[in-house]
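# Reading the structure
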Amino acid sequence: MDTRHLTSLLGIELPIIQAPMAGVSSPAMAAAVSNAGALGSIGVGATDAEGARAMIAAVRERSARPFNVNLFCHAPAVADAAIEAAWIARLAPLFAEFDVDAPHVLDEIYRSFVDDEPMLQMLLDERPTIISFHFGLPSELAIQALHDAGVTLLASATSLDEARIAERAGVDAVVAQGWEAGGHRGVFDPNAPDDRLGTMALTRLLVDAIDLPVIAAGGIMDGAGIAAALDLGAAAAQLGTAFIACDESLADAGYRAALASDAALHTQMVRAVSGRPARILANRFAALDDEVSATQIPTYPIAYDLGKALHAAAKSRGEHGFGAQWAGQGAPMARAMPAGDLVATLAAEISAARKP
């Protein structure tokens with residue numbers, strides 16, 4: 001599939017997609033990116049139907065262009081009181097360091113789209129132009145209903161098997177998320193073996209094997225990287241970490257400082273923060289992950305409830321090292337500027353990289 005097919009499908013001029021990044025991207029960022037000719041995105045996996053509706057309205061107040069609404073499709077959490085109690089006890093000394101008591105119980109703080117009828121109904125009412133799925137796929141009925149509503153559907157895949165599942169399910173394009181990517185790894189099953197395919201290899205595998213446009217994601221930070229992905233056969237590139245330092249980002253001061261520090265040179269794939277593998281800047285939470293096994297950590301997103309509480313306790317005392325400071329391996333190349341200016345810069349860099 002060539003670039004023109006995908007950009008026409010998405011209603012954009014540039015083969016650039018700003019990654020959704022729930023908690024970091026904002027309606028202002030999505031609107032600025034879309035207004036600049038690329039595809040802006042919002043992540044609504046961390047809110048409910050009415051919260052998502054408000055975010056969609058906030059983008060539409062700022063832009064009449066297409067944008068992407070991203071949903072989490074993880075298997076609903078299976079609680080285990082013993083594992084959760086042990087995890088709380090393990091992190092309790094860290095809470096005590098900040099003179100705060102650890103929570104006594106943990107909750108499933110995010111509802112998966114696979115089990116969220118109000119979210120589906122809201123999306124059918126609002127009909128955003130594009131919807132993307134992470135961590136898996138919703139039901140066949142949900143996919144059919146969204147397609148019937150005229151919505152274009154994207155899905156993340158970290159392997160050829162996942163991409164083929166997405167293709168059979170009827171999505172319109174696949175995001176090839178390489179091992180380099182920041183934030184949560186989109187594996188359908190976090191407990192299954194992971195081949196940890198890099199963006200380059202995964203993109204080539206998918207371009208060769210599936211009959212859908214492939215969007216390369218992971219470690220891409222500038223126009224030269226986008227041009228390289230296009231040369232590999234990708235129809236577009238998705239960038240997340242590149243937008244974290246932008247003016248419209250919701251990243252706090254501690255996150256921005258860490259992104260600009262040597263921590264950006266040492267990202268790690270960790271599970272301790274949320275219960276699912278995710279790439280983070282080197283910080284105190286990343287160091288904790290080295291001390292535990294996956295079986296000791298509660299399932300996603302129950303573990304995230306404790307992770308967020310610890311970050312809040314530490315941040316109140318000026319310590320930012322327990323934040324969910326997600327970032328990909330290209331983090332040292334992040335640039336601080338308005339999101340629209342970054343899109344224009346990327347477009348100019350693509351043109352320069354592809355000149356004969």
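Every chain is numbered on its own, with residues counted from 1 as its sequence reads. Restriction of local features to residues with pLDDT of at least 70 applies here, the model being predicted, together with a cutoff of 80 or more for giving and counting side-chain atom pairs; totals for whole chains, interfaces and linings are based on all residues. The side-chain quantities take in all heavy atoms of the structure and omit both hydrogens and water.

## Brief notes about the packing of aromatic side chains
Put simply, the rule reads: Aromatic rings from Phe, Tyr and Trp, taking only the six-membered ring of Trp, are treated as a pair when their centres fall within 6.5 Å; an angle between ring planes under 30 degrees marks them as stacked, one over 60 as edge-to-face, and anything in between as tilted. Helix and strand assignments come from DSSP, with helices taken as H or I runs of at least 4 residues and strands as E runs of at least 2, each series counted from the N terminus. Relative accessible area decides the class of each residue, using a 1.4 Å probe on protein chains only: under 20% of the type maximum gives buried, over 50% gives exposed, and in between gives partly exposed.
Under the defined criterion, the tally for this structure stands at 10 aromatic pairs. Relative to phenylalanine 135, the ring of phenylalanine 72 lies with its centre 5.1 Å away and its plane at 45°, an arrangement referred to as tilted. Of the two residues, phenylalanine 72 is situated in strand 3 (residues 67–72) and phenylalanine 135 in the loop between strand 4 (130–134) and helix 6 (140–148); the sequence distance between them amounts to 63 residues. According to the relative accessible area criterion, phenylalanine 72 is buried, its value standing at 10%. On the numbers, 6.2 Å between centres and 15° between planes, the contact of phenylalanine 113 with phenylalanine 133 is stacked. With phenylalanine 113 in the loop between helix 4 (81–97) and helix 5 (117–126) and phenylalanine 133 in strand 4, the pair connects residues that are 20 residues apart, well separated along the chain.

## Overview of the pattern of salt bridges
Quick note on the threshold: We define a salt bridge as a side-chain nitrogen of Lys or Arg found within 4 Å of a carboxyl oxygen belonging to Asp or Glu.
Across all of its chains, the model carries 12 salt bridges by this definition. Measuring nitrogen to oxygen at the nearest pair gives 2.9 Å for the salt bridge that ties glutamate 126 to arginine 53. Taken as a pair, glutamate 126 in helix 5 and arginine 53 in helix 3 (residues 49–62) lie far apart in primary sequence, 73 residues in all. Residue class for glutamate 126 comes out partly exposed when judged on its relative accessible area of 22%. The class for arginine 53 is partly exposed, based on a relative accessible area of 24%. Between glutamate 319 and arginine 284 there is a salt bridge; the shortest N-O distance is 3.9 Å. With a gap of 35 residues between them, glutamate 319 in the loop between helix 12 (302–315) and helix 13 (339–353) and arginine 284 in helix 11 (residues 284–289) connect regions that are remote in the sequence. A relative accessible area of 24% means that glutamate 319 is categorised as partly exposed. A cluster of three or more residues bridged by salt bridges with shared partners is formed by Glu50, Arg53, Arg60 and Glu126.

## A short note on the nonpolar core
Condition: We define a nonpolar core as any set of buried Ala, Val, Leu, Ile, Met, Phe, Trp, Tyr and Cys residues linked to one another through side-chain atoms lying within 4.5 Å. Contact between two residues is taken to exist if any of their heavy atoms lie within 4.5 Å; hydrogens are not considered.
Counting residues in hydrophobic clusters, the biggest one holds 70 residues, and the most contacted among them are Trp87, Leu91, Ile226, Leu239, Phe243, Leu281 and Phe285. The element best represented in this core is helix 12, accounting for seven residues. If we ignore the near neighbours within four places in the chain, the residues touching phenylalanine 285 are Leu91, Ala272, Val273, Gly307, Leu310, Gly321 and Phe322. Listed in part, the 40 residues of the second largest apolar core include Leu123, Ala163, Ile210 and Val214.

## Brief notes about the sheet that holds strand 7 (residues 183–184)
Short version of the rule: Strands were regarded as paired on the criterion that DSSP finds at least two bridges between them.
Spatially, three strands are ordered 7-11-10 in an open sheet, and the strand pairing comes out antiparallel. With one partner strand each, in any of the chains shown, strand 7 and strand 10 (268–270) form the two edges of the open sheet. Note: strand 10 against strand 11 (residues 278–280), three bridges, orientation antiparallel. Across the sheet, glutamine 268 pairs through a bridge with isoleucine 280, a residue of strand 11.

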